[in-house]
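These are the residues of each chain, in order.
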Amino acid sequence: MTSLEMRPRVAILGARGIGQVHARLFQKSGANVCAIMGSTMQTAQQTAELLNRSLGISPKPFDNLEALIKETQPVALSICTPAECHFEQILTAFDMGLPVFCEKPLFWEKNLSPEKLKTKLTVLSRHRQRYLFINTSNAYFLEKVTEKIGRPSSVKSFSFKFYTQGPHREKDIAVDLLPHGFSLLIKLLESKKITGLSQKVESNSYQCEFNYANCKVFFDFQEKKDGPKHLAFSINDHEFTRVQEGQGETYRVYLKDSLTGEKIEAEDPFQVYVSRFLSQLESGRVRGGDGFDEGATNLRMMSQIYFGDR
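Because the structure is a prediction, the values reported are computed rather than measured. Every chain is numbered on its own, with residues counted from 1 as its sequence reads. Where local features are concerned, this predicted model is filtered to residues with pLDDT of at least 70; where side-chain atom pairs are given and counted, the filter is 80 or more; whole-chain, interface and lining totals use all residues. Note that water and hydrogens are dropped before the side-chain values are worked out from all heavy atoms of the structure.

Engineer: Describe the overall build of the protein, naming the residues involved and giving the relevant values.
Structural biologist: Counting secondary structure elements, the protein contains 10 helices and 14 strands. Atoms counted for the radius of gyration: C-alpha only. Globule rule: 2.2 Å times residue count to the power 0.38. Its C-alpha atoms give the protein a radius of gyration of 19 Å, near enough to 19 Å, the size a compact globule of 310 residues would have. Viewed in the frame of its principal axes, the protein has a C-alpha envelope of about 55 × 45 × 40 Å. In the protein, which comprises 310 residues, the share counted as buried stands at 52%. Taking contacts inside the protein between residues at least 6 apart in sequence as the whole, the part at least 24 apart equals 67%. Surface accessibility in these figures is a Shrake-Rupley result with a 1.4 Å probe; residues are shielded only by whichever protein chains are displayed. When the accessible surface of the protein is split by element, carbon and sulfur atoms take 47% of a total near 14600 Å². Positive and negative side-chain charges in the protein, numbering 40 and 36 respectively, have mean positions lying 2 Å apart. What counts as a helix is a DSSP run of H or I of at least four residues, what counts as a strand is a run of E of at least two, and both are numbered from the N terminus. For the exposure calls, accessible area comes from a 1.4 Å probe over protein chains only, and a residue counts as buried if that area is under 20% of its type's maximum, exposed if over 50%, partly exposed in between. Any pair of residues with heavy atoms lying within 4.5 Å of one another is described as a contacting pair. When charges are counted, Lys and Arg are positive and Asp and Glu negative, with His and the chain ends excluded. By convention, the charge on Lys lies at NZ, on Arg at CZ, on Asp at CG and on Glu at CD.

Listed below in structure tokens is the structure:
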């Protein structure tokens, strides 16, 4: 048996943009990227050829999930399709007994309502073959900060600023970036009640403030095609800023402490989360617990913000 055949076979759903990043990081973490699915066979073939040229991997292209699973027999799926596709793809994976690594949010759609969201979450929560891992990897930065300075005994304020070059506008920016902010907030303070919500929505930006139990929270998001890339968060006005250097294989990241100027070394959060997912697959612990509860909490909180404080 060759080295490639011994690696866990992972299929990537989503041929454009972030799907190519998933493929690179899964390969780097020791997976065999055996297939890639696009919205059309043409996009899937184009991405498969690109990945072969750039990374030396040869995923088989598909535009149909059932055919992909039947022909390539992956041991897991990495889902990075548009959010409106997530629910059905996750359900298909669970029905086939396949663990899922999924881009945030867990799912979303234009006509989603709180009632429909609750129904879909119930379907997933009761599935007997559920194993889910959500890619809210920026929460890893909070892990590094608390390792360095310790966990504060009391958190009175928390802010999260995230500027990207994403394509979303107005309230869709919230759908794209709120899961990142909530992932840090849940890791810091667990699940709490949201009250006192206020929001400011503009074409390229979204801001909101609310109370999270006894903590005052402020989120500041921006998406502009040629705008700045910036990520920072503060705990009790103690701010930490992400600094990125290089690209692709030369990419490195660390956090800068605003009070001391010190660098807090960190790995690429996305790589960390992919590696953790594969580690659980290889250890056989995928049926012993998953990230569904945290992902569902994150989604419920996003719904509460999106549909209003209720």
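Engineer: Outline the sheet that holds strand β14 (residues 263-266), listing residues and values.
Structural biologist: Pairing between two strands requires that DSSP report at least two bridges joining them. Pairing is mixed across the open sheet formed by eight strands, whose spatial order is β8-β9-β10-β7-β11-β12-β13-β14. The strands lining the two open edges of the sheet, one partner per strand, are β8 (194-202) and β14. Sheet twist, expressed as the average angle between the axes of neighbouring strands with direction ignored, equals 15 degrees. Pairing geometry for strand β7 (residues 157-164) and strand β11 (residues 230-235), over six bridges, is antiparallel. In the sheet register, K161 faces β11, and the bridge partner there is A232. Between N-to-C directions, angles span 0 to 180 degrees; the directions come from axes that are lines fitted to C-alpha atoms, helices contributing only their stretch in contact.

Engineer: Tell me about the environment of G181, and please be specific about residues and values.
Structural biologist: Its location among the elements puts G181 in helix α8 (residues 171-189). Distance from G181 to Y206, taken between C-alpha atoms, is 13 Å for residues 25 residues apart in sequence. Apart from residues no more than four positions distant in its own chain, G181 is found in contact with F158, F160 and F219.

Engineer: Explain the pairing of β7 residue by residue, including any values.
Structural biologist: Judged by how many residues are buried, β7 sits mostly within the fold: six of eight residues are covered. As paired elements, β7 and strand β10 (residues 215-223) share eight bridges and run parallel to each other. Within the sheet, the bridge partner assigned to S159 lies in β10 and is F218.

Engineer: Got a sec to walk through the nonpolar core? Specific residues and values, please.
Structural biologist: Formed by 97 residues in total, the largest nonpolar core has its most connected members in F158, F210, F219 and F233. When residues of this core are assigned to their parent elements, the largest contribution, 11 residues, is made by α8. Grouping buried Ala, Val, Leu, Ile, Met, Phe, Trp, Tyr and Cys residues that are joined through side-chain atoms within 4.5 Å yields what is termed a nonpolar core.

Engineer: Account for the state of the cysteines, with residues named and values stated.
Structural biologist: Disulfide: a pair of cysteine sulfur atoms within 2.5 Å of each other. Summed over all chains, the structure comprises zero disulfides. Of the cysteine sulfurs around C85, a residue in no disulfide, the closest is that of C102, at 11 Å. By relative accessible area, C85 is classed as partly exposed at 30%. Not engaged in a disulfide, the cysteine C215 finds its nearest cysteine sulfur in C208; these two sulfurs lie 12 Å apart.

Engineer: Help me get a handle on the pattern of salt bridges, residues and values and all.
Structural biologist: When the charged atoms of two side chains with opposite charge come close together, those side chains can pair. Throughout this description, the term salt bridge denotes a Lys or Arg side-chain nitrogen within 4 Å of a carboxyl oxygen of Asp or Glu. This structure, assessed with the given rule, holds 13 salt bridges. Residue D176 is joined to K104 by a salt bridge in which the shortest nitrogen-to-oxygen separation is 2.8 Å. Of the two residues, D176 is situated in helix α8 and K104 in the loop between β5 (100-103) and α6 (114-125); the sequence distance between them amounts to 72 residues. The same class applies to D176 as to K104, namely buried. The salt bridge involving E245 is made with R252; its shortest N-O contact spans 2.7 Å. Look at E245 and you get partly exposed, because its relative accessible area is 31%. R252 gets classed as partly exposed once you look at its relative accessible area, which sits at 30%.

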